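Working through the structure, step by step
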Amino acid sequence: MNGSRIAAVGHYQPAKVLTNEDLAGLVDTSDEWIRSRVGIRTRHVAGPDEPVDELAAHAAAKALAAAGLTAGDIDLVLVATSTAVDRSPNMAARVAARLGIPSPAAMDVNVVCAGFTHALATADHTVRAGAATRALVIGADKMTDVTDWTDRTTCVLVGDGAGAAVVEACPAGEEPGIGPVLWGSVPEMGNAVRIEGTPSRFAQEGQSVYRWATTQLPPIARKACERAGLAPEDLAGVVLHQANLRIIEPLALKIGAVNAVVARDVVDSGNTSAASIPLAFSKLVERGEISTGDPVLLFGFGGNLSYAGQVVRCP
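Since the structure is predicted, the reported quantities are computational estimates derived from the model, not experimental observations.

Cut-offs applied
Residues numbered from 1 in each chain as written. Predicted model: local features only at pLDDT ≥ 70, side-chain atom pairs only at ≥ 80, totals over all residues. Heavy atoms only, no water. pLDDT = per-residue confidence, 0-100. Helix = DSSP H or I, 4+ residues; strand = E, 2+ residues; numbered from the N terminus. Buried < 20%, exposed > 50% of the residue type's maximum accessible area, 1.4 Å probe, protein only. Polar contact = N/O pair within 3.5 Å; in protein donor to acceptor, adjacent residues only side chain to side chain. Contact = heavy atoms within 4.5 Å. Core = buried A, V, L, I, M, F, W, Y, C linked by side-chain atoms within 4.5 Å. Pairing = 2+ DSSP bridges. Salt bridge = Lys/Arg side-chain N within 4 Å of Asp/Glu carboxyl O.

1. A look at the confidence of the model for the protein
- Per-residue confidence for the protein gives a mean pLDDT of 97, with 100% of residues at or over 70.
- Across the protein, strand β4 (residues 76-80) holds the top mean pLDDT of 99, while helix α7 (residues 206-215) sits lowest at 95.

In structure tokens:
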């Protein structure tokens, strides 16, 4: 009941890089058009032989190694994804099989771009309740599988990748490393971001999402800080869903995190949906831009017009 913490993080992206110039050969667009509207320069693209569970397993293996743990130490696997092709086995079970985790509870979480922060809260609650000891929490998506490559308003946005965190109980006497979650949704606006149809295709009402994110979310994100007992100016880092640089920058400014490093991984990775927050967070840790114990706001938003955020301590 002491709470939980993130012991380590890891990330993985496919080797193939798709530039704005490459996209200009597919649709009527240009590097200047893309960068001025969404801030993206490149994105990573998985091949047909790289399924989502493979991306997820690579990221999870790196997080396990960084934590100094083995597959046998994990008893819960949560995978946040909205691009699973099959209904069963679920992504979590496939990742567990790839890693050789012997008998975990294995569940997928589909809250699209807010999936990782929902899954992280679920792992925190489960560990606090004593129902799990150590959890692998993974965000992984292969957005290029659900992209209409003739639609220049969406195909310029997406990328593939995965990020993972190992969550474990805090030692006795240690302050929780994962703060209370603040989550919710706006169901009546759920159609503003969609992955639907046969075959499934990603579509969105870009202006509606932009207005909602930049006007409605700042006070919610500030309240997540309040629940952790912090003011926004106390944050050392802010990792928002990497949707669009024109959303990230004004949202970070309105939150008031004036002393924080703001993740801008969208520039190099595009929108990787549930992978975007752990991917960007892991890169900040790897580059040493945030230090062990630093308070960092993780805040996801998007599909269903769902949101979830919590302040965590950097591993």
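That covers the picture; the talk isn't over yet.
2. Concerning the side chain of glutamine 310
- Relative to the helices and strands, glutamine 310 resides in strand β14 (residues 306-313).
- Overall, the relative accessible area of 0% leaves glutamine 310 in the buried class.
- At 3.2 Å, the side chain of glutamine 310 forms a polar contact with the backbone oxygen of threonine 117.
- Leave out the neighbours within four places in its chain, and glutamine 310 touches Thr117, Leu120, Ala121, Ile178, Gly179, Pro180, Val181, Val296, Leu297 and Leu298.

3. With respect to the nonpolar core
- Of all hydrophobic cores here, the largest spans 49 residues; its most connected members are Trp212, Leu217, Leu235, Leu240, Leu297, Phe299 and Phe301.
- Within the residue set of this core, elements represented by two or more residues are α2 (31-37), α7, α8 (217-227), β11 (237-240), α9 (245-255), α10 (266-269), β13 (295-302) and β14.
- Examining the composition of this core, we find that 6 residues originate from one element, α9, more than from any other.
- Apart from residues lying up to four places away in sequence, leucine 235 is in contact with Cys225, Leu230, Ala257, Asn259, Ala260, Pro295, Val296, Leu297 and Val311.

4. Quick notes on the pairing of strand β7 (residues 160-169)
- The element β7 is largely enclosed, with a buried count of 9 among its 10 residues.
- Both strand β1 (residues 4-12) and β7 contribute to a ladder of 8 bridges, which runs antiparallel. Each residue of the ladder has a partner; that of valine 9, found in β7, is alanine 165.
- In terms of strand pairing, strand β6 (residues 134-142) meets β7 through 9 bridges, oriented antiparallel. Counterpart to glycine 139 in the pairing with β7 is glycine 163.

5. Some details on the pattern of salt bridges
- For the coordinates displayed, the defined rule picks out 14 salt bridges.
- A salt bridge links glutamate 174 to arginine 5, with the nearest nitrogen and oxygen atoms 3.2 Å apart. Taken together, the residues span a long stretch of sequence, with glutamate 174 in the loop between β7 and β8 (182-185) and arginine 5 in strand β1 at a distance of 169 residues.
- Glutamate 174 gets classed as partly exposed once you look at its relative accessible area, which sits at 32%.
- In this structure arginine 5 comes out as partly exposed when scored by relative accessible area, which is 25%.
- Notably, a salt bridge pairs aspartate 31 with arginine 35, separated by 3.4 Å at the nearest N-O pair. Of the two residues, aspartate 31 and arginine 35 are both situated in helix α2; the distance of 4 residues between them amounts to about one turn of the helix.
- By relative accessible area, which is 23% here, aspartate 31 ends up partly exposed.

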